[in-house]
Amino acid sequence: MALRPAQVNLKALDDSAVGRFWAEALGWSVYRPGVTAYVGPFGGFVWPDPVAVGINVITVPEPKATTKNRVHLDLATTSAAHQAELVARLKALGATPADVGQGEVPWTVLADPEGNEFCVLEPREVYRDTGPIAAVVVDCADPRAMARFWDEALDWTLHEVTDDHAVLRSAKGVGPYLKFLRTPGVKTVPDRVHLDLLPYPGDDKAAEVARLRALGATDLDLGQGDVPWTCLTDPEGHEFCVLAPS
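Residues numbered from 1 in each chain as written. Predicted model: local features only at pLDDT ≥ 70, side-chain atom pairs only at ≥ 80, totals over all residues. Heavy atoms only, no water.

K.L.:
Any chance you could explain the overall build of the protein here in plain terms?
P.N.:
Across its full length, the protein carries 4 helices and 16 strands. Here the C-alpha atoms of the protein give a radius of gyration of 17 Å, agreeing with the 18 Å that 2.2 N^0.38 yields for 246 residues. Here the C-alpha coordinates of the protein stretch approximately 50 × 40 × 35 Å along the principal axes. Out of the 246 residues in the protein, the part that is buried amounts to 49%. Counting 22 positive and 34 negative side-chain charges, the protein places the centres of these two groups 1 Å from one another. (Helix = DSSP H or I, 4+ residues; strand = E, 2+ residues; numbered from the N terminus. Rg over C-alpha atoms; globule rule 2.2 N^0.38 Å. Buried < 20%, exposed > 50% of the residue type's maximum accessible area, 1.4 Å probe, protein only. Lys, Arg positive; Asp, Glu negative; His and termini not counted. Charge placed at Lys NZ, Arg CZ, Asp CG, Glu CD.)

K.L.:
Mind showing me how you'd approach unusual backbone geometry here?
P.N.:
It is generally the case that most residues other than glycine have a negative phi and that most peptide bonds are trans. Trp 47 connects to Pro 48 through a cis peptide bond whose omega is -5 degrees. Secondary-structure assignment places Pro 48 in the loop between strand S3 (37–40) and strand S4 (54–59).

K.L.:
It is not clear to me how the pattern of salt bridges should be interpreted in this structure. Could you clarify?
P.N.:
Two side chains of opposite charge can pair, provided their charged atoms sit close to one another. Here the structure, examined in full by the defined rule, presents 13 salt bridges. A salt bridge links Asp 191 to Arg 70; the nearest nitrogen and oxygen atoms lie 3.4 Å apart. Note that Asp 191 is positioned in the loop between strand S12 (177–182) and strand S13 (193–199) and Arg 70 in the loop between S4 and strand S5 (71–75), a separation of 121 residues in sequence. Judged by relative accessible area, Asp 191 falls into the buried class, the value being 6%. Given the relative accessible area of 15%, Arg 70 is considered buried. (Salt bridge = Lys/Arg side-chain N within 4 Å of Asp/Glu carboxyl O.)

K.L.:
When you look at the packing of aromatic side chains in this model, what are you seeing that I'm missing?
P.N.:
Centre distance and the angle of the planes are the two values used to describe a pair of aromatic rings. All chains considered together, the criterion is met by 10 aromatic pairs. Taken together, a centroid distance of 4.9 Å and an interplanar angle of 65 degrees make the contact between Trp 22 and Phe 118 edge-to-face. Note that Trp 22 is positioned in helix H1 (residues 15–26) and Phe 118 in strand S8 (residues 117–120), a separation of 96 residues in sequence. For the residue pair Trp 22 and Phe 118, the accessibility class agrees, reading buried in each case. Feature note: the residues Phe 149, Trp 150, Phe 180 and Phe 240 constitute an aromatic cluster, connected by ring pairs. Looking at Arg 4, its charged tip hangs above the ring of Tyr 200, at a distance of 4.1 Å from the centre. (Phe/Tyr/Trp six-rings, centres within 6.5 Å; stacked < 30°, edge-to-face > 60°. Lys NZ or Arg CZ within 6 Å of the ring centre and 35° of its normal.)

K.L.:
Hey, could you run me through the side chain of Asn 116 in this one?
P.N.:
Tracing the backbone through its elements, the reader meets Asn 116 in the loop between strand S7 (108–111) and S8. Of the polar contacts made by the side chain of Asn 116, one reaches the side chain of Asn 69; its length is 2.9 Å. Those residues in contact with Asn 116, other than ones at most four positions away along the chain, are Leu 10, Lys 11, Lys 64, Asn 69, Leu 110, Ala 111, Arg 192 and Val 193. (Polar contact = N/O pair within 3.5 Å; in protein donor to acceptor, adjacent residues only side chain to side chain. Contact = heavy atoms within 4.5 Å.)

K.L.:
Please clarify how the side chain of Asp 139 should be interpreted in this entry.
P.N.:
By the element assignment, Asp 139 lies in strand S9 (residues 133–140). Among the residues examined, Asp 139 registers a relative accessible area of 8% and is labelled buried. Among the polar contacts listed, one links the side chain of Asp 139 to the side chain of Thr 183, at a separation of 3.2 Å. Here Asp 139 is in contact with Lys 68, Asn 69, Arg 70, Leu 181, Thr 183 and His 238, once residues within four sequence places are set aside.

K.L.:
Whenever I open this one, the sheet that holds S5 confuses me. Can you help?
P.N.:
Note on sheets: strands pair through backbone hydrogen bonds, and any given pair is parallel or antiparallel. If you trace the 8 strands from one edge of the open sheet to the other, you get S6-S7-S8-S5-S9-S12-S11-S10, paired in mixed fashion. Every other strand in the sheet has two partners, leaving strand S6 (96–97) and strand S10 (157–161) as the edge strands with one partner each. Relative to the sheet, helix H2 (residues 80–93) contacts S5, S6, S7 and S8, its axis offset from that of S8 by approximately 150 degrees. (Pairing = 2+ DSSP bridges. Axes fitted to C-alpha atoms, helices over the stretch in contact; angles between N-to-C directions.)

See below:
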């Protein structure tokens, strides 16, 4: 048994507007299953996408807190010219420069129209074949502990782990990376962005959730009521959901 990241869940006051922004930013399309805006690659609605990790934008009544999100996206570029063009295009779409204490770095930190931070990376060979999303990045206190939990939780491959970061990617070598980055500070507000995980067809969701609890996950009550997904937190308190297999 194993789980795979199916999508990044992003909360927004206006799911349609934020969905349109991310679709334009990534060169993808907006699809609307139910009452959310799902952003995924062109070519018709496919969920879960066999390669990409999509973005599911969910409407909530609360605006983003002023604190930095603990989960963000890194966008890939292929050249310095591409990076500059992408930054300019994103600003024209409504992105704004963001200062998260990064100082002088070769990447550019921006925020989407509702203030969710993300990075436009300088060209990096490791991200040459990821698609537009290079990595989903999670701030954490202990990358080694996160590597132990998430390496067991997912069917992805652990590529690297140090005191400063841990990196996983699909065992098929496709799509974005999942990166846990040692970052000062502690969690003070619920995560605005989180991962949704999915069992494979035929797998037992309840058994998968029990397995995660045994690994150190904790049940989370967000007032979700009777829903087909299960809300949990990892050992450092990052929220995530286990969806019902389709």
